Amino acid sequence: MAFAAFSSNKPAPNAAPMKSGKIVLALLLPGLLYLAMFFMVPLASLLVTSLESPDPSGAIGQYVYAVDFSSYGNVISRYFPQILRSFGYAFAATFFALVISYPLAYFIGVRLRTRPLIQKLTLTLVIAPFFISFLLRTIAWKQILSDNSPTLTFLRSIHLLGDNQFFLGTPFAVIWGLTYNFIPFMTLPLYTSLERLDLRYLEAAGDLYANPAQVFRKITLPLTMPGVISGTLLTFIPITGDYVNASRDFLGSSQTSMIGNMVQADFLQNSDYPSASALSAILMGVILLLVTVYVRRTGTEDLL
Amino acid sequence: MTNSQDPILRDLMRLAKAPVTRRTVLAGAGMSAAAVTLAACSPGGAKHLSPVKDLSSSQHVVTWDDWPYYMDDSDNPQSPTIKGFQAASGIKVVYNTNVDDNNSYYARIKNQLGQGKDTGADTMCLTDWMAARLINSGLVQDFNYKLLPNVTKNLDPYYKGAAWSYDPDRKASLPWKGIIAGIGYHKENYKKVTGQDAPTSVADLFTNPALKGKVVVLSEMRDTIGVMMMADGIDISSFTADDFHNTLDKFTSYVKSGQVRGIKGNSYVDDLKNGDAVAGIVWAGDIVSTNNELGKDILGVVLPDSGSTYACDNFLIPMGSQHAANAEALINYYYEPEVAAMLALGGVFYVPPVKADLVKPLVAAKNSALASNELIFPTDLSKFHQFRPLSAKEDNEFSKAWSDAANGVV
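Residues numbered from 1 in each chain as written. Chains lettered and ligands numbered in written order. Predicted model: local features only at pLDDT ≥ 70, side-chain atom pairs only at ≥ 80, totals over all residues. Heavy atoms only, no water.

> In this structure, what is going on with the overall build of chain B? I would like to understand it.
A tally of regular secondary structure across chain B gives 17 helices and nine strands. Each of the 410 residues in chain B was classed as buried or not, and the buried ones make up 58%. Look at the contacts in chain B between residues 6 or more apart in sequence, and 78% of them connect residues 24 or more apart. Carbon and sulfur atoms make up 54% of the accessible area of chain B, which totals about 15900 Å². (Helix = DSSP H or I, 4+ residues; strand = E, 2+ residues; numbered from the N terminus. Buried < 20%, exposed > 50% of the residue type's maximum accessible area, 1.4 Å probe, protein only. Contact = heavy atoms within 4.5 Å. Areas by Shrake-Rupley, 256 points an atom, 1.4 Å probe, with all protein chains shown as cover.)

> I keep staring at the packing of aromatic side chains and nothing clicks. Help me out?
Between two aromatic rings, the relevant description is the distance of the centres plus the angle of the planes. Residues and elements named next belong to chain A. A full pass over the atoms with the stated rule returns 38 aromatic pairs over all chains. Relative to Phe96, the ring of Phe95 has its centre 5.6 Å away and its plane inclined at 65°; by these criteria the two rings are edge-to-face. Between Trp141 and Trp176, the ring centres sit 5.5 Å apart and the planes meet at 70°, which makes this aromatic pair edge-to-face. Here Trp141 is found in helix H5 (residues 134–144), whereas its partner Trp176 is found in helix H7 (residues 171–195), with 35 residues between them in sequence. (Phe/Tyr/Trp six-rings, centres within 6.5 Å; stacked < 30°, edge-to-face > 60°.)

> Teacher, can you tell me more about a nonpolar patch on the surface here?
Residues and elements named next belong to chain A. A contiguous nonpolar patch, built from Val24, Leu28, Leu32, Tyr34, Leu35, Met37 and Phe38 and spanning about 640 Å² of accessible area, is present on the exposed surface. Within the element layout of this structure, Val24 appears in helix H1 (residues 21–50). When its relative accessible area of 39% is taken as the criterion, Val24 is described as partly exposed. (Patch = residues over 30% accessible without salt bridge, like charges linked within 9 Å, V, L, I, M, F, W, Y side chains within 5 Å. Salt bridge = Lys/Arg side-chain N within 4 Å of Asp/Glu carboxyl O.)

> What is the right way to read the environment of Met229 of chain B from this model?
Residues and elements named next belong to chain B. Within the secondary structure layout, Met229 lies in helix H9 (residues 221–231). On a C-alpha basis, the gap between Met229 and Thr97 in space is 32 Å, while along the polypeptide they are 132 residues apart. Those residues in contact with Met229, other than ones at most four positions away along the chain, are Ile234, Ile236, Phe239, Asp243, Phe244, Thr247 and Phe387.

> Would you explain the domain arrangement of chain B in this entry?
Size of an interface: often given as the accessible area lost when the parts come together. All names here are of chain B. Taken as a whole, chain B is organised into domain 1 (61–172 + 317–335) and domain 2 (179–310 + 389–406). With centres defined by C-alpha atoms, the gap from domain 1 to domain 2 works out at 28 Å. Of the roughly 700 Å² buried where domain 1 meets domain 2, counting both sides, 44% is carbon and sulfur surface. Seen at the junction of domain 1 and domain 2, the total is one salt bridge. Between Asp395 and Arg133 there is a salt bridge whose closest N-O contact spans 3.2 Å. Applying the counting rule to domain 1 against domain 2 returns three residue pairs in polar contact (both at pLDDT 80 or more). Residues that form the side of domain 1 that touches domain 2 fall into these classes: six nonpolar, two polar and one charged. (Domains from an automatic or database assignment. Buried area = accessible area lost by both parts, 1.4 Å probe. Polar contact = N/O pair within 3.5 Å; in protein donor to acceptor, adjacent residues only side chain to side chain. Nonpolar A, V, L, I, M, F, W, Y, C, P; charged D, E, K, R; others polar.)

> What am I meant to see in the pattern of salt bridges here?
Oppositely charged side chains can form a pair if their charged atoms are brought close together. Per the stated rule, a full pass over the model turns up 13 salt bridges over all chains. As a salt-bridge pair, Asp198 of chain A and Arg200 of chain A come within 2.8 Å of each other at their nearest N and O atoms. Exposure remark for Asp198 of chain A: the relative accessible area of 24% places this residue in the partly exposed category. Taken together, the shared-partner salt bridges in this structure form one network comprising Lys142 of chain A together with Lys264 and Asp271 of chain B.

> Where do I start with the nonpolar core in this structure?
Across soluble globular proteins, nonpolar side chains have a tendency to be buried as a group. Membership of the largest hydrophobic core comes to 121 residues, with the highest contact counts inside it found for Leu134, Phe206, Phe244, Phe251 and Tyr334 of chain B. By residue number, the principal contributor to this core is strand E4 (residues 174–186) of chain B, which donates seven residues. If we skip the residues at most four places from it in the chain, Leu134 of chain B touches Tyr106, Leu113, Met124, Leu126, Leu139, Val140 and Leu316 of chain B. Counting 38 residues, the second-largest nonpolar core is a separate cluster that includes Leu178, Ile229 and Ala246 of chain A together with Val409 of chain B. (Core = buried A, V, L, I, M, F, W, Y, C linked by side-chain atoms within 4.5 Å.)

> Teacher, can you tell me more about H9 of chain B here?
Because each turn of an α-helix spans 3.6 residues, side chains separated by three or four positions in sequence point in the same direction. Residue and element names in this part refer to chain B. Summarising burial for H9: ten of the eleven residues are buried, a large majority. Met221, Arg222, Asp223, Thr224, Ile225, Gly226, Val227, Met228, Met229 and Met230 are the residues of H9 that are buried. At the exit of H9 stands Gly233, carrying a positive phi of roughly 80°.

Here it is in C-alpha cells:
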C-alpha cells in the first residue's frame, strides 16, 4: 500500500489488455487475501489500538475502545529524543553502508566482469552472512567489541583507546552493528545496477577528456542511481525500526534506545498498548513521508 | 526470575533464520501489529472466573511453565526429579522453561488467562508481585489442600502470614524458589579495577569512580530499587512514593553519568564473566551456579549490611487449567524434603521453600559445603526484606518510571 503512493498516474505503455477479468481476479485473489489478512487488518487494528484509552477501573494493561489521540501526543513528547536518535542512527548507518558498499559493488559488478567465477564467488561472500542468524551475528559483535576482547586490548596497547574507554553501550557500537548488519541490503541492489552499467559510456566520457572523478559524477553515479535509491531505502527503513542492535542486551545501553526499543518497552514491560501502537504508527508515517520526499526529489518514482 | 534472554530475543532468533526481503519485512510488520491487536483485544472489565472442569482423572499429564535454571541436572533432557515424579505418579510432565520475564510471559498468556481459558500451562511459576496481580484479579484458582499434604507438613512457616499480604494463607500461590538479591562482583577484576578485595556497600557501586561504566544492575525493578532504597535507609516494606522517586532519581543520575552501563536480566552474568561489568546488583543464586559451572570461585556475592531483597517465584494454577489435580500432585511432590535436597544437590542454588531443618541434613550427608552455604540455606530468613505490595495505580506509575529510567527516557 505504502508504495502505491509512488505509482505514476499515467497508464503504462505496455499494459496488458484487460481481457479475461475473472481469471485475472482469480490469480490476484490469493495475493489480495494475503495483503488483506496480514497487512490491512493488522494495520487497521494497530490504528484502532492506538486510539484506545485506559480502562476506568485503572487495571494495568486494560484499555477500552475510544477515539483518543492523546497517546500520539504523549509518545511524541515522552520519546522525542529516541525518535530523533532513531533517524540519526539510521542516516548515519545508511551513509556508512553506502560508502562501504559502493566500492565493493563496483569492484564485483564492474572489475570482476571478466572473471565470472570469481564474481559469483565474491557475490556469495556478500550474501554469506545471511546464512547465520542476524542475532548471532550481532552477539558475535558484542563479543568482538567487549571490554576485555583482543580487539580492545589491542587498541589500548597502541593507545588508540584509553584505559577506561569502551565501545559496548555507546552510539559507536550501535551504528557499527547497524551498518554491518545492513550492508548486504545495500550491496545487492548496487551490484545489480553496476553489473548492468554499459562501460562504453565510461570509455566515451574518457575520450571526451573527462577525468575519472567527472566520469564517476556525470556517468557512473547517475546511471546507477536506481541501485543507490533502492539500496538506501532497503537499509534506511528497517534500520529506523531496528531494536536489536540498540538493545541493552546487545550492543546498546540506556543511552542508545531507539523507537523499536520503546515500542518493546511499552508493549511488553509497561502493558501500554495504545502508546506502543501510536509510536509504531508514527514511525510508519514519518518513514512514508521521508521516503516520498526522497523518491520525488530524486525523480525515481518509476523505480518502485 | 532469572531471565537469561528475553522471549522476544528468542522469537527473533527464530524469525531471523528466515531470509528477509522487503515483503517479509512488511509481513513481519503486519504480524507484530496483529500481536498488538490480539493483546489489546482482551476484555476490559474484570469478570468473575471459576476453575474449568478438571480432567486429571482421565488425562495423566501436567504442563508446567517455569524459569530457566530451576531444574536439577539441566543438561539432561529429563531431570531426575521430574523422572521420579513421573515414575511415582504415572503423570507425564511437560516441562517448559519459557518464563524469562514476568511481564512478557503475562503479555503472552493474558487473553486466555483473562477469559479463564487454557493458557497452555496447568501451572506456572511467577514472582510475588505478578502472583499478587493475578490473585487480586481472580485469574488463578485456589489449591485443594487435600492433595497437598507435604505442603501442610513441610512448608517453612516463614512463607505464610502478613509479610505475604497477597496470599497470607497460601490459598492460591506456593513458593517454588526463593531469590536473594545482593552485590555481585568479579573477584579478580574488582581487585584490579578498585584495588580492594570486595565491595562493602551499595554506595561503593555507585560512587567509586574506578567503577565507572563497569556496574550492572538487574532489570527487575523491585530488586534493584529495593536494594538501593534500603541502602538509603528506607524500609522497603513501607516506603512512600516519594521515597521511591528519590531513589529512582539517584539511579537515573548514575545511569546518565555512565556509572551504570548495564541494566539486564540474567545476562548480567555474562557481563561479569567477560569483564564488561565488574560489579553490580545481582541474584545470589546465579553467582553460586556460575561458580559451580566453572568449577572455581571467580565471582563473589556480598549481602549488604543495609539489607537484601528476597522474593519468591510461586506456583500458580490458572482458572483454565484442566489438570489442576495433576499440578497439585506435582507441587506436593516437590515439597518432599528428599526432592528438595535432590534439587540442591543437582545444581539448583536457590532457596527451597521446604523447612530447612528437613532438607539441610539430607544435603549435608552428601555435600556439607553446600548445606552450609548461607545463600542457599540462610540460617535467618528474617534478615531479608520484601518489597511492599503496590496498588494497581502505583504499580503502573512505578513500573513506567523505572522503564523510563532504564531506557534513558528521562
